[in-house]
Amino acid sequence: METWVRFSAQSQAKERLFRAAQYACALAGDTLRRNGASAGVLASVRQLEAHLSLGRKLLRLGSSAEALEAAKRAIHLSDMVLRFCVTLSHLNRAMYFACDNVLWAGKTGLVPSVDQEKWSQRSFRYYLFALVVNLSRDAYEIRILMEREAGGKRAKGSENGRQLRADNGLQQLGLRLQIQLRLLIHVLRNNPPLLLDVVKNACDLFIPLDKLGLYKTNPGFVGLCGLTSSILSILTILHPWLKLKP
């Protein structure tokens, strides 16, 4: 399994490039459609998008093994919340990749009896669960860092407390929100890996929501979200220090 995991890791950068190109095609196709492009051009763009999607599925063959290995490592994390979130996220990713492999077999004709719509919906459900867990983990990380940052500024916090007590209720609420917002911006600005992970997961979230019909948008918006998250993923591969750990 370790040999396959190493091979899968080498394919990750290529898969990210294919993903960026696929969603760029989705965005370009929607833009061309809005601008009245011919049916032939739109069909060519859709066909290219479909080929890129199929190529990505090929590159993801066996990625379930990598996700399971990551889940096994996450079990040993000391922080209970992180251990739960990271492990659950990897397990959902493993199931997503497994469904995706079945879908690939159906699309290529290796297993023509595969119900592609059913397996597609299953894969997007697991993808959605993984993203929700990832965002929950991001929220937990942000809360910990905000508490740590606030704890390091107790003197300033006491001064703000006296000011809050001196004002009426509405002003107190406004000041508290202002302080929390400034603290949030400060935390994210000083933690680029966390900021990139939040933006990437938030962008990705719209993809399964749209595919599952839970929050319908349009192909152009989905393409923009997918392209943005793909570029951010490529950045974390090129600059590993930008990847949120563990």
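Note that the coordinates shown come from a computational prediction; the quantities given were computed from them, not determined experimentally. (Residues numbered from 1 in each chain as written. Predicted model: local features only at pLDDT ≥ 70, side-chain atom pairs only at ≥ 80, totals over all residues. Heavy atoms only, no water.)

Asker: Summarise helix H8 (residues 192-211); cite the residues concerned and give the values.
Answerer: Structurally, the α-helix is built with 3.6 residues per turn, so residues lying three or four positions apart point the same way. Across its 20 residues, H8 extends 30 Å between first and last C-alpha, which sits within 8% of the 28 Å expected from 1.5 Å per residue. At the C-terminal side of H8, Gly213 shows a positive phi close to 75 degrees. (Helix = DSSP H or I, 4+ residues; strand = E, 2+ residues; numbered from the N terminus. Expected span 1.5 Å × (residues − 1).)

Asker: Let's hear about the nonpolar core: which residues, and what values?
Answerer: With 14 residues, the main nonpolar core has Phe124, Tyr127, Leu128, Leu205 and Ile207 as its most contacted residues. If you list the elements that add at least two residues to this core, you get helix H4 (80-107), helix H5 (116-151) and H8. With four residues, H5 is the single largest residue contributor to this core. Apart from the residues lying within four places of it in its own chain, the contact partners of Leu205 are Leu128, Leu131, Val132 and Leu135. If you look at the next biggest cluster of nonpolar residues, it comprises eight residues, including Ile142, Leu145, Leu183 and Val187. (Core = buried A, V, L, I, M, F, W, Y, C linked by side-chain atoms within 4.5 Å. Buried < 20%, exposed > 50% of the residue type's maximum accessible area, 1.4 Å probe, protein only. Contact = heavy atoms within 4.5 Å.)

Asker: Give a description of the confidence of the model for the protein chain that names residues and reports values.
Answerer: Mean pLDDT for the protein chain: 89, with 89% of residues reaching 70 or above. Mean pLDDT across the elements of the protein chain ranges from a minimum in helix H6 (residues 154-166), with 51, to a maximum in H8, with 97. (pLDDT = per-residue confidence, 0-100.)

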